[in-house]
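# Observations on the three-dimensional arrangement
Here is how the chains run, residue by residue.
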Amino acid sequence: MLYIDMDSFFASCELLRHKEYIGKPLVIGTSEEKDKDRGVVQTCTYEARKFGIKSGMPIVQAYKLCKELVYIASDEKYYEDVSERIFALLRGYGRQVEQYSIDEAAIDIEGLDYNNALSMGKELKGRIAEEVGLKCTIGISHGKYIAKMVCESAKPDGLKLLKKEEIVPFLAGKAIEEIPGVGPKTASKLHSMGIDTIDKIGSVDVQLLAKATGSFGAELHNIAVGDDRSKVVESSEALSISRERTLEKNTTNISDVYAMADKLVEEVYGDVKKKNVLFKGVGVKIKYDDFTYVTRSTLLKNYSQSKEQIASVAKKLFEKNFDAKKPIRKIGVKVYSLSKVSGQRRLA
Ligand code: TTP
Ligand code: MG
């Protein structure tokens, strides 16, 4: 398994178009610059991390830690475009790719020996640096959980391979919270059983583990003994399901938009059923004849698998954002924030 995670992703994207800030402590925040004090840090450069600044921290606190901090307001549309280019490159290898977030993926490298796996990692780093201009870290090992942990341990700009026999020593003494997917709930259950480090998980009876942590128990045991069997799950774990299509002719008539939306909803719903996933988010994209576009989305209260719900939310979003003065060229419909109906747990 090869696990790739871009370094300080949003901040690095900004440095591509703001070369003047290279080498400076830079944060990307959730609020417009004029009211940046109300926002939180989404990410920051490694130069800013030296001051103790990190994701989730209020901007006000970040400024207390570093007075010379440079601030840029988040521009997620741009980061998504950069991400799409990176994923197109990753998918170009014809291997299974499981996308975990805007900047993280696991790639199935079955059939490669350690040397070839390392060569692939090196090549990927080189191509992403050359073709996109960004740095990333790659962890290679057996199973997704271990590969992700190896990746974390090699940040930033790292490439690290952990052989099978090196896994148990690597895990020794590490806190259970370092296992991807172990959140506060699982952690507190494990703590109440007297388990605080990963190696201890391995010495506990699997039945007991399963009783405390459900279906994750057996997987946790496997991870702890260096036998992480998790595999890439490409389709059902995809971040979103979407369709977009160009209208027959550019239009300022909303009924043309609704008619096309019905078709797209039908197709998106077809995929939802086929992959047997639930969704929590519904979004639309409106592309105008001047090649500008807007995206709008709504998060539902609960996970859903209803076609009517996709249709009604999409329609509302199209209606609300319709502007009769701007001819529309193309529209899109998507569902996101997906969850499997059963099985596979997410890492990130
Ligand atoms: P991460 O991969 O967690 O962080 P990163 O890429 O900035 O830094 P690194 O991987 O080198 O440690 O997240 C990817 C992007 O997701 C990040 O650039 C910004 C965004 N993000 C948030 O918006 N809020 C958050 O709390 C986190 C953790 C990330
Ligand atoms: Mg990252």
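Just so it is clear, the model here is predicted, and its values are computed rather than measured. (Residues numbered from 1 in each chain as written. Chains lettered and ligands numbered in written order. Predicted model: local features only at pLDDT ≥ 70, side-chain atom pairs only at ≥ 80, totals over all residues. Heavy atoms only, no water.)

### Remarks on the overall build of the protein chain
What counts, and what does not: Strands are runs of DSSP state E lasting at least 2 residues, helices are runs of H or I lasting at least 4, and numbering of each runs from the N terminus. As defined in this context, the radius of gyration uses C-alpha atoms, and a globule is described by 2.2 Å times the residue total to the power 0.38. Each residue is assigned to one of three classes by its accessible area relative to the maximum for its type, calculated with a 1.4 Å probe on protein chains only: buried under 20%, partly exposed between the two thresholds, exposed over 50%. Whether two residues touch is decided by their heavy atoms; if any such pair falls within 4.5 Å, the residues are in contact. Areas reported as accessible are Shrake-Rupley estimates using a 1.4 Å probe. Residue values count occlusion only from the protein chains shown.
For the protein chain, the helix and strand inventory stands at 13 helices and 12 strands. Taken over C-alpha atoms, the radius of gyration comes to 22 Å for the protein chain, in line with the 20 Å a tight globule of 348 residues would show. Structurally, the protein chain occupies a C-alpha span of about 65 × 50 × 40 Å along its principal axes. A burial count over the protein chain gives 45% of its 348 residues as buried. In the protein chain, the share of contacts with a sequence separation of at least 24, taken over all contacts with a separation of at least 6, comes to 64%. Accessible area for the protein chain stands at about 17,300 Å²; split by element, carbon and sulfur atoms hold 50% of it.

### Points about the domain arrangement of the protein chain
Stated formally: Here the limits of each domain have been adopted from an automatic or database domain assignment.
Domain assignment breaks the protein chain into domain 1 (1–136), domain 2 (167–224) and domain 3 (237–340). Its C-alpha centre places domain 1 at a distance of 29 Å from the equivalent point of domain 2.

### A closer look at the site of ligand 1
The condition is simple: A single heavy atom is enough: if one lies within 4 Å of a molecule or strand, its residue is considered near that molecule or strand. As a working rule, the residues Ala, Val, Leu, Ile, Met, Phe, Trp, Tyr, Cys and Pro are called nonpolar, Asp, Glu, Lys and Arg charged, and the rest polar, with Gly in that last group.
Within the structure, ligand 1 sits among 14 residues, and Ser8, Phe9, Thr43, Tyr46 and Arg49 are positioned closest to it. The fraction of the free accessible surface of ligand 1 (550 Å²) that becomes covered by protein chains is 71%. Counting only elements with at least two residues in the shell around ligand 1, the list comes to strand E1 (2–6), helix H1 (9–17), strand E3 (41–44) and helix H2 (46–49). Classifying every residue of the shell around ligand 1 by side-chain character gives four nonpolar, four polar and six charged.

### With respect to the coordination of the magnesium ion (ligand 2)
Which entries qualify depends on this criterion: With water omitted from the atoms examined, metal sites may look incomplete; donors here are N, O and S atoms no farther than 2.8 Å from the metal, or 3.2 Å in the case of Na, K and Ca. All geometry calls rest on donor angles, where a four-donor set with angles between 85 and 135 degrees is tetrahedral, four- and six-donor sets with opposite donors more than 155 degrees apart and all others between 65 and 115 are square planar and octahedral, and all else is irregular.
Around the magnesium ion (ligand 2), the protein supplies Asp5 (OD), Met6 (O) and Asp103 (OD) as donor atoms, at distances of 2.0 to 2.2 Å. Because the angles between the six donor atoms bound to the magnesium ion (ligand 2) fall within 84 to 177 degrees, the donor set is best described as octahedral. Written as a sequence motif, the donor residues of the magnesium ion (ligand 2) are D-M-x96-D. Separated by 98 residues along the polypeptide, Asp5 in strand E1 and Asp103 in the loop between strand E5 (97–101) and strand E6 (104–107) bring together distant segments of the chain. The pair formed by Asp5 and Asp103 is uniform in burial state, with each residue classed as buried.

### Considering the side chain of Ser12
Mapping Ser12 onto the fold places it in helix H1. A residue is classified by how much of its surface remains accessible, and Ser12, at 14% relative accessible area, is buried.

### Some words on the nonpolar core
Applied cut-off: We call a set of buried Ala, Val, Leu, Ile, Met, Phe, Trp, Tyr and Cys residues a nonpolar core when their side-chain atoms join them within 4.5 Å.
Leu2, Phe9, Ile86, Leu90, Ile128 and Leu134 are the most contacted members of the largest nonpolar core, which totals 33 residues. Ranked by residue count, the leading element in this core is helix H4 (residues 76–91), at seven residues. Other than its neighbours up to four places away in sequence, Leu134 contacts Met6, Phe9, Ser12, Cys13, Leu16, Val82, Ile86, Ile128 and Ala129. With 27 residues, the next largest nonpolar core counts Ile241, Phe318, Val333 and Val335 among its residues.

### Section: the sheet that holds E5
Sheet strands pair by backbone hydrogen bonding; their relative direction is either parallel or antiparallel. Using the following cut-off: In this scheme, strands are said to pair when DSSP sees at least two bridges between them. Every angle, taken between N-to-C directions, lies between 0 and 180 degrees, and every axis is a line fitted to C-alpha atoms, over only the stretch in contact when it is a helix.
If you trace the five strands from one edge of the open sheet to the other, you get E5-E6-E1-E7-E8, paired in mixed fashion. Across the chains shown, the open sheet's two edge strands, defined by having one partner strand only, are E5 and strand E8 (159–161). Ignoring strand direction, the axes of neighbouring strands in this sheet form an average angle of 15 degrees. Examined bridge by bridge, E1 and strand E7 (residues 136–140) share five bridges and lie antiparallel to one another.

### Some details on the packing of aromatic side chains
Here is the rule: Centre distance within 6.5 Å is the pairing criterion for rings of Phe, Tyr and Trp, where only the six-membered ring of Trp is used; planes under 30 degrees apart are then read as stacked, over 60 as edge-to-face, and the remainder as tilted. Consider the ring centre and the ring normal. A charge sits over the ring if Lys NZ or Arg CZ is within 6 Å of that centre and within 35 degrees of that normal.
Within this structure, the stated rule accounts for five aromatic pairs. Ring geometry for Tyr3 and Tyr100: centres 6.0 Å apart, planes at 25 degrees, overall stacked. Linking Tyr3 in strand E1 with Tyr100 in strand E5, this pair joins segments that are 97 residues apart in sequence. When sorted by exposure, Tyr3 lands in the same class as Tyr100, which is buried. Arranged with centres 4.3 Å apart and planes meeting at 25 degrees, the rings of Phe10 and Tyr79 form a pair that is stacked. With Phe10 in helix H1 and Tyr79 in helix H4, this pair connects stretches of sequence that are 69 residues apart. Geometry around Tyr293 places Lys77 over its ring, the cationic atom sitting 4.2 Å from the centre. A cation sits over an aromatic face here: Lys287 above Tyr293, 5.7 Å from the ring centre.

### Quick word on a negative patch on the surface
Defined as follows: Patch rule: a residue counts if its relative accessible area is over 30% and it has no salt bridge; like charges are joined within 9 Å, and nonpolar side chains (Val, Leu, Ile, Met, Phe, Trp, Tyr) within 5 Å. A pair is scored as a salt bridge if a Lys or Arg side-chain nitrogen falls within 4 Å of a carboxyl oxygen belonging to Asp or Glu. Working convention for charge: Lys and Arg count positive, Asp and Glu count negative, and His plus the chain ends are omitted. Throughout, a charge is located at the NZ atom of Lys, the CZ atom of Arg, the CG atom of Asp or the CD atom of Glu.
There is a patch of like negative charges on the surface, built from Glu76, Glu80, Asp81 and Glu84. By the secondary structure assignment, Glu76 is in helix H4. Glu76 gets classed as partly exposed once you look at its relative accessible area, which sits at 38%.

### Considerations on the packing of helix H10 (residues 206–213) against helix H11 (residues 216–224)
How we decide: The cut-offs work like this: below 35 degrees is roughly parallel, past 145 is roughly antiparallel, 65 to 115 is roughly perpendicular, and the gaps in between are oblique. Helix crossings fall into two classes, left-handed where the near helix is turned counterclockwise from the far one by less than a right angle and right-handed where it is turned clockwise.
Orientation of H10 relative to H11, taken along the N-to-C sense of each, is 130 degrees, at an axis distance of 7 Å. Classified by the angle between their axes, H10 and H11 sit oblique to one another. Remark: the crossing between H10 and H11 carries right-handed chirality. Taking contact as the criterion, the partners of Val206, Leu209, Ala210 and Thr213 in H10 are, on H11, Phe216, Gly217, Ala218, Leu220 and His221.

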